[in-house]
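Each chain, written out:
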Amino acid sequence: LKHLQSHNPDTGRFHTITPLEALGMFGIFRLAARIKELREEGHRIVTHLRTDARGKRYAKYELVR
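Bear in mind the structure is a predicted one, so any value in this text is a computation, not a measurement.

What counts and what doesn't
- Residues numbered from 1 in each chain as written.
- Predicted model: local features only at pLDDT ≥ 70, side-chain atom pairs only at ≥ 80, totals over all residues.
- Heavy atoms only, no water.
- Helix = DSSP H or I, 4+ residues; strand = E, 2+ residues; numbered from the N terminus.
- Rg over C-alpha atoms; globule rule 2.2 N^0.38 Å.
- Buried < 20%, exposed > 50% of the residue type's maximum accessible area, 1.4 Å probe, protein only.
- Contact = heavy atoms within 4.5 Å.
- Areas by Shrake-Rupley, 256 points an atom, 1.4 Å probe, with all protein chains shown as cover.
- Core = buried A, V, L, I, M, F, W, Y, C linked by side-chain atoms within 4.5 Å.
- Salt bridge = Lys/Arg side-chain N within 4 Å of Asp/Glu carboxyl O.

### Looking at the overall build of the chain
Part 1 of the reasoning: The helix and strand tally for the chain stands at 3 helices and 3 strands.
Part 2 of the reasoning: Starting at the N terminus and ending at the C terminus, the chain contains elements arranged as α-β-α-α-β-β.
Part 3 of the reasoning: At 12 Å, the chain has a C-alpha radius of gyration in line with the 11 Å of a compact globule built from 65 residues.
Part 4 of the reasoning: The C-alpha extent of the chain, read off along each of the three principal axes, is 35 × 30 × 20 Å.
Part 5 of the reasoning: Among the 65 residues that make up the chain, the fraction classed as buried is 23%.
Part 6 of the reasoning: In the chain, the share of contacts with a sequence separation of at least 24, taken over all contacts with a separation of at least 6, comes to 32%.
Part 7 of the reasoning: Carbon and sulfur atoms make up 53% of the accessible area of the chain, which amounts to about 4,900 Å² in all.

Below, the structure written as structure tokens:
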């Protein structure tokens, strides 16, 4: 939550996080489950679906003000 609440100085928006970033930065294997818990606590988090260069889909999460 602290990561998502911090601002990205390049964009002026909140930081986002992907499953791969969550694993590398925080050792979180099940990011979607953690996002679900945060949503249940009342935090507004949107999911952006992305496709990588190999065609694999993944989610990118962003906190909404």
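### Looking at helix H3 (residues 31–40)
Part 1 of the reasoning: When we look at burial in H3, the residues that qualify are Leu-31, Ala-33, Ile-35 and Leu-38.
Part 2 of the reasoning: Considering only its buried residues, H3 is in contact with helix H1 (2–5), strand E1 (16–17), helix H2 (19–26), strand E2 (45–51) and strand E3 (57–63).
Part 3 of the reasoning: Downstream of H3 by one or two residues, Gly-42 has phi in the positive range, about 105 degrees.

### Some details on the nonpolar core
Nonpolar side chains tend to gather and get buried jointly when the protein is soluble and globular.
Part 1 of the reasoning: Leu-4, Phe-14, Ile-17, Ala-22, Leu-31, Ile-35, Leu-38, Ile-45, Ala-59, Tyr-61 and Leu-63 together form the largest nonpolar core, which totals 11 residues.
Part 2 of the reasoning: Those elements giving two or more residues to this core turn out to be H3 and E3.

### Some details on the pattern of salt bridges
Part 1 of the reasoning: Tallying each qualifying case throughout the model produces 4 salt bridges.
Part 2 of the reasoning: Between Arg-13 and Glu-62 there is a salt bridge, with its nearest N and O atoms 2.8 Å apart. Pair noted here: Arg-13 is in the loop between H1 and E1 and Glu-62 is in strand E3, with a separation of 49 residues, a long-range link.
Part 3 of the reasoning: You can call Glu-62 buried: its relative accessible area is 8%.
Part 4 of the reasoning: Across the salt bridge formed by Glu-40 and Lys-36, the nearest N and O atoms sit 2.5 Å from each other. One end of the pair is Glu-40 and the other is Lys-36, both in helix H3 and 4 residues apart, which spans about a single turn.

### Description of the environment of Pro-19
Part 1 of the reasoning: Looking at the element boundaries, Pro-19 is found in helix H2.
Part 2 of the reasoning: When its relative accessible area of 35% is taken as the criterion, Pro-19 is described as partly exposed.
Part 3 of the reasoning: Expressed as a C-alpha distance, the spacing of Pro-19 and Lys-60, which sit 41 residues apart in the sequence, is 7.6 Å.
Part 4 of the reasoning: Ignoring anything within four residues of it in the chain, the contact list for Pro-19 reads Ile-28, Leu-31 and Ala-59.

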